[in-house]
Amino acid sequence: GHPQHIAIQIFPYAKGRRLLLTRDVTAVELAEAMRRDFVANVSHEIRSPLTVIVGFIEALQNLALTEGERARYLELMQQQARRMQTLIDDLLMLSRLEGSPIPDDSHWVVIADVMAEAFTQARSLADVLHAGQQSLVLVEGPPVEVAGARGELLSAIGNLLSNAVRYTPSTGRVEAGWRLLADDELEIYVTDDGPGIAPEHLPRLTERFYRVDRSRSRDSGGTGLGLAIVKHVIQRHSGQLAIDSRLGEGSTFRLRLPPARVRRIAPEPGLAAP
Ligand code: ADP
């Protein structure tokens, strides 16, 4: 637990008399400390790529560079600028998730479509990071729709897949799919046989900027915000995120959506087998 903080105010209200007011400010202080942490983190995450970029601009002003050096420096600057772009995109996504109303059940999202799109993105990422060596498998589930926001669901599934692809070595295997559980809950899963996560990290994994291995996350293009986004999205859809992981064996991330937000897609008339 966090220490309790009590604010005390003393008002003299008559000769020799004092009124003592106490107020529990623990929650307020905690929120304030979290906000300060967040701002410090964001500033640091923006400052480091910027420092690299400024350094290379200075190097480029040196006229004695070879063509090869110039090209190399520009490439490194581009990498760092992209890192900042991704960070800003994730920050905007998080702030939109916090500021916008909860998606209602007037929009139905076809899960097979969203999974296919997220999977295509994951495949291009795997091509870049693992030269197409990593094995990526999509296991199609039943035809279902989910009431919610398509963009948000795509982003949640996309983040889980991109994590699996980034943290699992080229020789590894990543599988994603969906199924209906016995009580008609929908489960969307992403599983990998990568490094796994030690149990002490699991409770903090969805905190903003929490990373098990900072440099490994950054080197593969991580912002530290992916799982925070996933958690927000799934909570906004009245669902849950479950994480199962064993060090050295791999990880499974499951999104569960309640039956009220899930429906089967009826087969189109005339397309059914006679
Ligand atoms: P990041 O941008 O750093 O990947 P996330 O919020 O998506 O941020 O994930 C937080 C941390 O959880 C990561 O830095 C990584 O240490 C760990 N992690 C997430 N997914 C996996 C996975 N599939 N295998 C191993 N570690 C993972």
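Residues numbered from 1 in each chain as written. Predicted model: local features only at pLDDT ≥ 70, side-chain atom pairs only at ≥ 80, totals over all residues. Heavy atoms only, no water.

- Per an unreviewed UniProt entry, the protein chain goes by Phosphate regulon sensor protein PhoR and derives from Tepidimonas taiwanensis.
- If you open the UniProt record of the protein chain and go to Function (unreviewed entry), you find "Member of the two-component regulatory system PhoR/PhoB involved in the phosphate regulon genes expression. PhoR may function as a membrane-associated protein kinase that phosphorylates PhoB in response to environmental signals."
- Under the UniProt heading Catalytic activity (unreviewed entry), the entry covering the protein chain gives this text: "ATP + protein L-histidine = ADP + protein N-phospho-L-histidine." (UniProt positions renumbered as here; feature names shortened; annotations may be inferred.)

## Quick look at empty space enclosed by the protein
Over the atoms, a rolled probe matching the size of one water molecule traces out where space is still vacant.
Then comes step 1: Scanning all chains against the criterion turns up one cavity of 30 Å³ or more.
Then comes step 2: Estimates place the volume of the largest cavity at around 50 Å³.
Then comes step 3: Taken together, Glu-45, Pro-49, Arg-83, Leu-87, Arg-211, Gly-222 and Thr-223 make up the full set of residues lining the largest cavity.
Then comes step 4: Among the secondary structure elements, those contributing two or more residues to the lining of the largest cavity are α1 (26–60) and α2 (67–99).
Then comes step 5: Here the lining of the largest cavity is built from residues that sort into two nonpolar, two polar and three charged. (1 Å grid on protein atoms, 1.4 Å probe; cavity = no way out; pocket = protein on both sides within 12 Å on 5 of 7 lines; lining within 4 Å. Points joined across faces, edges and corners; volume = space filled by probe spheres on them. Helix = DSSP H or I, 4+ residues; strand = E, 2+ residues; numbered from the N terminus. Nonpolar A, V, L, I, M, F, W, Y, C, P; charged D, E, K, R; others polar.)

## Looking at the layout of surface pockets
Then comes step 1: Looking at the second largest pocket, its volume works out to about 590 Å³.
Then comes step 2: Contributing elements (two or more residues each) for the lining of the second largest pocket: α1 and α6 (226–236).
Then comes step 3: Considering every element that reaches the lining of the second largest pocket, the biggest residue donor is α1, with seven residues.
Then comes step 4: Among the residues making up the lining of the second largest pocket, the classes are represented as eight nonpolar, five polar and eight charged.

## Focus: the packing of helix α4 (residues 150–167) against α6
Then comes step 1: It is at 9 Å that the axes of α4 and α6 come closest, and there the two elements cross at 145°. Note on packing geometry: the crossing formed by α4 with α6 is left-handed. In contact with Glu-152, Leu-153, Ser-155, Ala-156, Asn-159, Leu-160 and Asn-163 of α4, α6 contributes Gly-226, Leu-227, Ile-229, Val-230, Val-233 and Arg-236.
Then comes step 2: The residue inventory of the contact of α4 with α6, partitioned by class, reads seven nonpolar, four polar and two charged. (Axes fitted to C-alpha atoms, helices over the stretch in contact; angles between N-to-C directions. Left-handed = near helix turned anticlockwise from the far one by under 90°. Contact = heavy atoms within 4.5 Å.)

## Quick word on the site of the ligand
Then comes step 1: Inspection of the region around the ligand gives 19 residues, with Arg-166, Tyr-167, Ser-217, Gly-224 and Leu-227 positioned closest.
Then comes step 2: The side chain of Asp-192 places a nitrogen or oxygen atom 2.8 Å from a nitrogen atom of the ligand.
Then comes step 3: Within the side chain of Ser-217, a nitrogen or oxygen atom sits 2.6 Å from an oxygen atom of the ligand.
Then comes step 4: In isolation the ligand exposes 530 Å². Once the protein is present, 97% of that is buried.
Then comes step 5: Contributing elements (two or more residues each) for the shell around the ligand: α4, α6 and β9 (250–257).
Then comes step 6: The element contributing the most residues to the shell around the ligand is α4, with four residues. (Near = heavy atom within 4 Å. Polar contact = N/O pair within 3.5 Å; in protein donor to acceptor, adjacent residues only side chain to side chain. Areas by Shrake-Rupley, 256 points an atom, 1.4 Å probe, with all protein chains shown as cover.)

## Quick word on the nonpolar core
Then comes step 1: Counting 46 residues, the largest nonpolar core has Ile-111, Ile-157, Leu-161, Leu-186, Ile-188 and Leu-255 as its most contacted members.
Then comes step 2: Of all the secondary-structure elements, those providing two or more residues to this core are α2, α3 (111–130), β5 (144–147), α4, β6 (173–180), β7 (186–192), α6 and β9.
Then comes step 3: With eight residues, α4 is the largest single contributor of residues to this core.
Then comes step 4: By size, the runner-up hydrophobic cluster in this structure holds seven residues, among which are Ile-53, Leu-60, Leu-65 and Met-77. (Core = buried A, V, L, I, M, F, W, Y, C linked by side-chain atoms within 4.5 Å. Buried < 20%, exposed > 50% of the residue type's maximum accessible area, 1.4 Å probe, protein only.)

## So, the side chain of His-130
Then comes step 1: Turning to its location among the elements, His-130 is positioned in helix α3.
Then comes step 2: Using a relative accessible area of 8% as the deciding quantity, one classes His-130 as buried.
Then comes step 3: In contact with His-130, not counting residues within four places along its chain, are Val-165, Thr-168, Pro-169 and Ser-170.

## Brief notes about the pairing of strand β1 (residues 6–14)
Then comes step 1: As paired strands, β1 and strand β2 (residues 17–24) are joined by eight bridges and run antiparallel to one another. The residue of β2 that forms the bridge with Ile-8 is Thr-22.
Then comes step 2: Hairpin connection from β1 to β2: two residues lie between these consecutive antiparallel strands, with Gly-16 at a positive phi of about 75°. (Pairing = 2+ DSSP bridges.)

## Section: α6
Then comes step 1: Most of α6 is tucked away: eight of the eleven residues are buried.
Then comes step 2: What α6 keeps buried is the set Gly-226, Leu-227, Ala-228, Ile-229, Val-230, Val-233, Ile-234 and Arg-236.
Then comes step 3: Residues of α6 that are buried in the fold lie against α2, α4, β8 (240–246) and β9.
Then comes step 4: Ser-238 lies just past α6 and shows a positive phi near 55°.

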